[in-house]
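# Topology and contacts: notes
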Protein chains: 2
Amino acid sequence: MDILKLENQLCFPVYALSRHITSLYRPHLEKIGLTYPQYLVMMVLWEHQQVTVKELGQQLWLDSGTLTPLLKRMAENGLLTRKRSEKDERVVNIIITEKGENLKQEASDIPSKLIKELATDEEQFFLLQKQINQILSLKSSQNI
Amino acid sequence: MDILKLENQLCFPVYALSRHITSLYRPHLEKIGLTYPQYLVMMVLWEHQQVTVKELGQQLWLDSGTLTPLLKRMAENGLLTRKRSEKDERVVNIIITEKGENLKQEASDIPSKLIKELATDEEQFFLLQKQINQILSLKSSQNI
DNA sequence: TGCAATTAAATTGTAAACAATTTAATTTTA
DNA sequence: TAAAATTAAATTGTTTACAATTTAATTGCA
């Protein structure tokens, strides 16, 4: 078995599936004016209302180089405000706006649609999700 | 259960794992002057020596908007040549160079390193790979 | 206290991704 | 066969990613 052969690789399928999932999200998210990474930011904000850029980066595994311009675009679109902390001027707080809050209702039907589109067998997906989470937790425990 | 909550999502873990895998490849690929998408192109070329841009796109699920500039960079680095087909002037053939061929030896130890770095339990990964491939094949059969 | 080390964001520069459009060649079909 | 439709790449423009560096603020400790 030639381990270099594409189909034997373990990593290409993950990469391909990730892009495929993003492409399934795109038409739904387009309707509410979001990209997939922006949608991830909104999910954090729908849960917490206010987070720092650093906290956001930890949740999404993204650094300020990615987040700063992304959050600026979202602020321009009125979904959040960026405000430097008064306690610690290094920190920037990201606060959800009314408009951002209201978007949650519009997004509420997306996850179920996605699961349906990705496959007919939901069972398979929850198994896949569980496995990937195991791998990711294994990874994050290495970082401690 | 709030289906919108990040950790309940099925898609974020795939997205996060994909970027994590790419970051594991990066230091190894850097040594031989490749990015991850470029490495995927090389894997196709190591198997076939010559392919069209279209065939490459079908294998990697990428369009000419991504591939054209990527292949130009690889041609500049001397890994391949781009040559318009004489039979059909619309088609561009991508041909591996001597330098590109030689890179295969240097890349040969990467896959085994990756598997080791990603987890200690290889079994888990082959299971994951199998599942993702099932999902992807399901998807491609919908396209026919 | 005051300077070195650390930390949080921002900036800079490069390389994907991908939608939408354009260009040019080839096929189809009326 | 000539116009219409299709096809393959390339182009244009926007948005991620991310390494490396910079800036500014805070902490730690000599």
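Structure report, in brief. (Residues numbered from 1 in each chain as written. Chains lettered and ligands numbered in written order. Predicted model: local features only at pLDDT ≥ 70, side-chain atom pairs only at ≥ 80, totals over all residues. Heavy atoms only, no water.)

What follows covers the protein's contact with DNA strand D. Not every one of the 29 residues close to DNA strand D is listed here, only the nearest: Thr35 of chain A together with Tyr15, Ser64, Thr68 and Lys72 of chain B. The contact atoms of DNA strand D, taken as those within 4 Å of the protein, divide so that sugar and phosphate hold 78%. Here a sugar or linking oxygen of DNA strand D and a side-chain polar atom of Arg90 of chain A are 3.5 Å apart. By residue class, the composition of the surface near DNA strand D is 8 nonpolar, 8 polar and 13 charged. (Near = heavy atom within 4 Å. Polar contact = N/O pair within 3.5 Å; in protein donor to acceptor, adjacent residues only side chain to side chain. Nonpolar A, V, L, I, M, F, W, Y, C, P; charged D, E, K, R; others polar.)

Here we come to the sheet that holds strand E1 (residues 50–52) of chain B. All names here are of chain B. The strand order E1-E3-E2 describes an open sheet built from 3 strands, whose pairing is antiparallel. Strand pairing shows two members of the sheet lacking a second neighbour, E1 and strand E2 (80–84), which therefore form its edges. Neighbouring strand axes in the sheet, compared pairwise and without regard to direction, differ in orientation by 25 degrees on average. Each of E1 and strand E3 (92–96) is contacted by helix H3 (residues 53–60), which is oriented at about 85 degrees to E1, the strand it contacts most. Each of E2 and E3 is contacted by helix H4 (residues 64–76), which is oriented at about 125 degrees to E2, the strand it contacts most. (Pairing = 2+ DSSP bridges. Helix = DSSP H or I, 4+ residues; strand = E, 2+ residues; numbered from the N terminus. Axes fitted to C-alpha atoms, helices over the stretch in contact; angles between N-to-C directions. Contact = heavy atoms within 4.5 Å.)

All names here are of chain B. Burial of E3 is extensive: 4 of the 5 residues sit out of reach of the surface. Of the strand pairs in this sheet, E2 and E3 are connected by 5 bridges, and their pairing is antiparallel. Residue pairing for E3: Arg84 is matched across the bridge by Val92. (Buried < 20%, exposed > 50% of the residue type's maximum accessible area, 1.4 Å probe, protein only.)

Right, let's get into the state of the cysteines. Throughout the structure, instances matching the rule amount to 0 disulfides over all chains. You can see Cys11 of chain B has no disulfide; the closest cysteine sulfur is in Cys11 of chain A, sitting 19 Å from it. Given the relative accessible area of 2%, Cys11 of chain B is considered buried. (Disulfide = S-S within 2.5 Å.)

Bringing the pattern of salt bridges into the picture now. Residues and elements named next belong to chain A. Scanning the model with the defined rule gives 6 salt bridges over all chains in all. Glu86 is the partner of Lys83 in a salt bridge, and the nearest nitrogen-oxygen pair spans 3.7 Å. For Glu86, a relative accessible area of 67% translates into the label exposed. Between Asp109 and Lys113 there is a salt bridge; the shortest N-O distance is 3.0 Å. (Salt bridge = Lys/Arg side-chain N within 4 Å of Asp/Glu carboxyl O.)

All names here are of chain A. Taken in spatial order, the 3 strands line up as E1-E3-E2 in an open sheet, and their pairing is antiparallel. At either margin of the open sheet sits one strand with a lone partner, and together these are strand E1 (50–52) and strand E2 (80–84). In this sheet, adjacent strand axes meet at a mean angle of 25 degrees when their direction is disregarded. Relative to strand E3 (residues 92–96), E1 runs antiparallel, the two sharing 3 bridges.

Take the protein's contact with DNA strand C next. As a structural note, the neighbourhood of DNA strand C is formed by 28 residues, with Tyr15, Ser64, Thr68 and Lys72 of chain A together with Thr35 of chain B the closest of them. Within 4 Å of the protein, the contacting atoms of DNA strand C are drawn from sugar and phosphate to the extent of 80%. Within the contact set of DNA strand C, a phosphate oxygen lies 2.4 Å away from a side-chain nitrogen or oxygen of Tyr15 of chain A. Secondary structure elements with two or more residues in the surface near DNA strand C: helix H1 (11–31), helix H3 (53–60), helix H4 (64–76) and E2 of chain A together with helix H2 (36–48) and H4 of chain B.

This brings us to H3 of chain B. Each α-helix winds once per 3.6 residues, and so residues spaced three or four apart point in a common direction. For H3 of chain B, the complete set of buried residues consists of Val53, Leu56, Gly57 and Leu60 of chain B. Looking straight down H3 of chain B, one finds its buried side chains confined to an arc of 100 degrees; they lie on one side. Turning to H3 of chain B, the residues buried within the fold contact H1 of chain A together with H2, E1, H4 and E3 of chain B. Once H3 of chain B finishes, Trp61 of chain B follows within two positions and takes phi at roughly 60 degrees, a positive value. (Arc of directions from axis to C-beta.)

Taken by themselves, the reported measurements are silent on function.
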